[in-house]
Amino acid sequence: MKVLNTLTPPPRLTKGLAAALVAMTLSAPVMAQVTVTTDGLIGPNACVTRTENKQYDVLEVHAMTSTSVTFRTKAYANLYSALRARAGDGGGNSFGIAFALYNGRTGALLQSPALGFSIDSSNPDMAVRQPSSITVSPKTPYLAEIWVNTGLGQNNKLTEICFMTGGTYTMVNPGTSQTTNGCFSISPRTPQDVRNCWCGRKTNLPLFSSTSTPTQAAFRQSIGCRD
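Residues numbered from 1 in each chain as written. Predicted model: local features only at pLDDT ≥ 70, side-chain atom pairs only at ≥ 80, totals over all residues. Heavy atoms only, no water.

Caption draft 1: Expanded view of the packing of aromatic side chains. Inspection of every chain in the model, using the stated rule, returns 5 aromatic pairs. Ring centres of Phe71 and Phe163 lie 5.7 Å apart, and the angle between their planes is 70°; this geometry places the pair in the edge-to-face category. With Phe71 in strand β3 (residues 68–73) and Phe163 in strand β9 (residues 157–172), this pair connects stretches of sequence that are 92 residues apart. Judged by its relative accessible area of 1%, Phe71 falls in the buried class. The interplanar angle of 25° and the centroid separation of 5.4 Å between the aromatic rings of Tyr142 and Phe163 together place this pair among those described as stacked. Residue Tyr142 is located in strand β8 (residues 141–148), and its partner Phe163 is located in strand β9; the two are separated by 21 residues in the primary sequence. Taken together through their ring pairs, the aromatic side chains of Phe71, Phe99, Tyr142 and Phe163 make up a single cluster. Positioned above the aromatic ring of Tyr169, the side-chain terminus of Lys139 is 4.7 Å from the ring centre. (Phe/Tyr/Trp six-rings, centres within 6.5 Å; stacked < 30°, edge-to-face > 60°. Helix = DSSP H or I, 4+ residues; strand = E, 2+ residues; numbered from the N terminus. Buried < 20%, exposed > 50% of the residue type's maximum accessible area, 1.4 Å probe, protein only. Lys NZ or Arg CZ within 6 Å of the ring centre and 35° of its normal.)

Caption draft 2: Looking closely at the pattern of salt bridges. Across all of its chains, the model carries 6 salt bridges by this definition. Linking Lys54 and Asp57 is a salt bridge whose minimum nitrogen-to-oxygen distance equals 3.9 Å. On the basis of relative accessible area, Lys54 is assigned to the partly exposed category, the value being 39%. Three or more residues joined by partner-sharing salt bridges are found here, namely Arg50, Glu145 and Glu160. (Salt bridge = Lys/Arg side-chain N within 4 Å of Asp/Glu carboxyl O.)

Caption draft 3: View of unusual backbone geometry. A cis amide bond links Ser187 to the next residue, Pro188, at an omega of 0°. If you trace the backbone, Pro188 turns up in the loop between β9 and α3 (191–198). Non-glycine residue Asn78 carries a positive phi angle of around 60°. Along the chain, the position of Asn78 falls in the loop between β3 and α2 (79–84). Of the residues examined, Asn78 reaches a relative accessible area of 48% and is grouped as partly exposed.

Quick look at the structure:
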């Protein structure tokens, strides 16, 4: 996997998302400094240079802090039969499962522990299993992959999932424009960090003045917050 460009452009959010974020920031009192702590992001909104690929949705982030993450495989009925046609090795009666974790920004391989189990014709389902905890860094996007460790191997991935660890963000000198207000004033200010920052807002208030609009809790869920 090639090392990717570490320079991240300013966030380019959709008009609807940008409008919602600006409305939320402008509705709050103007303060010189506000600190929020987030639990992190999960799913497509945590992706940076690659997108998720869940042809077989068999891996999930089971537990995560700002410095560690634990994955768990999901129960998947008849996975052996589904893989047999696409293994690429033309034979065999079992599949070992391999795993890799990458820094989502740089593409650097961080860890590649064996998941330590296989799927075979006599045990055709992927049972729920929980690999060991892995050390990660705060406020960092990651990409996890698993694949069948035979035949086409890593070129024949089962699942690619994105997540971003939580941490503390400080909003400094919030102003009245989109580029200086609230979570748009943090540094670094990537699209993922802006969303991650918003995940630290735990109040369950309407986004706008009308109570018929989505709540902040619903908004956080829509952008991939883990809370």
